[in-house]
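# Chain and residue survey
Residues per chain, in single letters:
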Amino acid sequence: AAEPESPYRVVLLGASGVGKTAFTSIFAGAADSMDSDDCELCGDEVCEKVIEVDGEPATITLLDTWDAETDSEWAQELHMQTGDAYLLLYSVTDRASFLRASELRITLRRFRPAQHTPIILVGNKCDLVRRREVSVSEGRACAAVFDCKFIETSAAMQHNVWEAFHGIVRQLRLRRDSK
Ligand code: GDP
């Protein structure tokens, strides 16, 4: 059997209220977990666990430490450098959060210029159909411009959240295997 890989640090980024805490809760409380005893190392903002992706275990350290409102620029820049991969969240019901995601993508690129850091643009709250302000095609176009993957999710419905985590692991493995 394959040895478990060393932990991948996955950082959640995005404006406040887009669903980062909801993502962390799903990750932490997962029925998807390989061991029944959930997180080995879980706080409010950091959670490490092993999940199975394509039949192979992967250890993810999920960091939900981003605080767009109160963090200093220095702290924010540190976040841009600590991740192996990033889930860049916005809410499809909040256009400002979509614009914020674009800004964050640009900042990320500044800190991660040469490396092909896996990033997935995540349009969350797709269950709130009537409050939608950002269309699927806008999200997809934005991801294409920024050269990253795209997925729409609903943390409330637990829709596509695991697909986002699995997607990030697949990208990390592709990068690992191409080295
Ligand atoms: P954070 O500030 O990015 O951590 O956002 P939270 O995870 O705290 O979410 C903000 C609010 O949006 C909370 O009331 C959540 O219950 C709600 N929320 C998060 N994800 C979804 C979703 O997919 N659909 C709906 N309808 N509400 C959501």
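The sections below set out a description of the structure shown in this document. (Residues numbered from 1 in each chain as written. Predicted model: local features only at pLDDT ≥ 70, side-chain atom pairs only at ≥ 80, totals over all residues. Heavy atoms only, no water.)

Bringing the overall build of the protein chain into the picture now. What the protein chain contains, in helices and strands, is five helices and seven strands. Starting at the N terminus, the α and β elements of the protein chain follow one another as β-α-β-β-β-α-β-α-β-α-β-α. Relative to its 179 residues, the protein chain shows a buried fraction of 49%. For the protein chain, the computed accessible surface area is about 9,100 Å², with 51% contributed by carbon and sulfur atoms. (Helix = DSSP H or I, 4+ residues; strand = E, 2+ residues; numbered from the N terminus. Buried < 20%, exposed > 50% of the residue type's maximum accessible area, 1.4 Å probe, protein only. Areas by Shrake-Rupley, 256 points an atom, 1.4 Å probe, with all protein chains shown as cover.)

Turning next to unusual backbone geometry. The phi dihedral of Asp147 falls on the positive side, at around 55°, and the residue is not glycine. Relative to the assigned elements, Asp147 resides in the loop between helix H4 (136-145) and strand E7 (149-152). Although it is not a glycine, Gln158 adopts a positive phi angle of roughly 55°. Tracing the backbone shows Gln158 in the loop between E7 and helix H5 (161-177). Judged by its relative accessible area of 54%, Gln158 is exposed.

Let us now look at the environment of Glu163. Positionally, Glu163 belongs in helix H5. Among the residues examined, Glu163 registers a relative accessible area of 43% and is labelled partly exposed. With 110 residues separating them in the primary sequence, Glu163 and Val53 have C-alpha atoms 9.8 Å apart.

Here the focus is the site of the ligand. Neighbouring the ligand are 15 residues; Gly17, Lys20, Thr21, Asp127 and Ala155 lie closest to it. Here an oxygen atom of the ligand sits 3.0 Å away from a polar atom, N or O, in the main chain of Gly19. The contact in question runs from a nitrogen atom of the ligand to an N or O atom on the side chain of Asn124, over 3.1 Å. If the ligand stood free it would expose 580 Å²; the protein chains cover 66% of that surface. It is helix H1 (residues 20-28) that contributes the most residues to the shell around the ligand, three residues altogether. (Near = heavy atom within 4 Å. Polar contact = N/O pair within 3.5 Å; in protein donor to acceptor, adjacent residues only side chain to side chain.)

Counting residues in each nonpolar core, the largest one holds 28 residues, and the members touching the most others are Phe23, Phe27, Ile51, Leu87, Phe165 and Ile168. Put simply, the parts of the chain that give this core at least two residues each are strand E1 (8-14), H1, strand E3 (46-53), strand E4 (56-63), strand E5 (85-91), strand E6 (119-124) and H5. For this core, the element with the most residues is H5, which contributes seven residues. In contact with Ile168, not counting residues within four places along its chain, are Val10, Ala85, Tyr86, Leu87, Pro118, Ile119 and Ile120. (Core = buried A, V, L, I, M, F, W, Y, C linked by side-chain atoms within 4.5 Å. Contact = heavy atoms within 4.5 Å.)

Moving on: the packing of aromatic side chains. Within this structure, the stated rule accounts for five aromatic pairs. Between Phe27 and Phe165, the ring centres sit 5.0 Å apart and the planes meet at 45°, which makes this aromatic pair tilted. Taken together, the positions of Phe27 in helix H1 and Phe165 in helix H5 put the pair 138 residues apart, joining distant regions of the chain. Pairwise contacts between aromatic rings join Phe23, Phe27, Trp162 and Phe165 into one cluster. (Phe/Tyr/Trp six-rings, centres within 6.5 Å; stacked < 30°, edge-to-face > 60°.)

Each pair of packed helices gets described by two things: the angle between the helix axes and the distance between those axes. Direction vectors running N to C along helix H2 (residues 73-82) and helix H3 (residues 95-111) enclose 70°, while the axes themselves pass 9 Å from each other. Relative to H3, H2 is oriented roughly perpendicular. As H2 runs across H3, the sense of the crossing is right-handed. Every residue of H3 that contacts H2 at Gln76, Glu77, Met80 and Gln81 is listed here: Arg100, Leu104, Thr107, Leu108 and Phe111. Within the contact of H2 with H3, the residues separate by chemical class into four nonpolar, three polar and two charged. (Axes fitted to C-alpha atoms, helices over the stretch in contact; angles between N-to-C directions. Parallel < 35°, antiparallel > 145°, perpendicular 65-115°, else oblique. Left-handed = near helix turned anticlockwise from the far one by under 90°. Nonpolar A, V, L, I, M, F, W, Y, C, P; charged D, E, K, R; others polar.)

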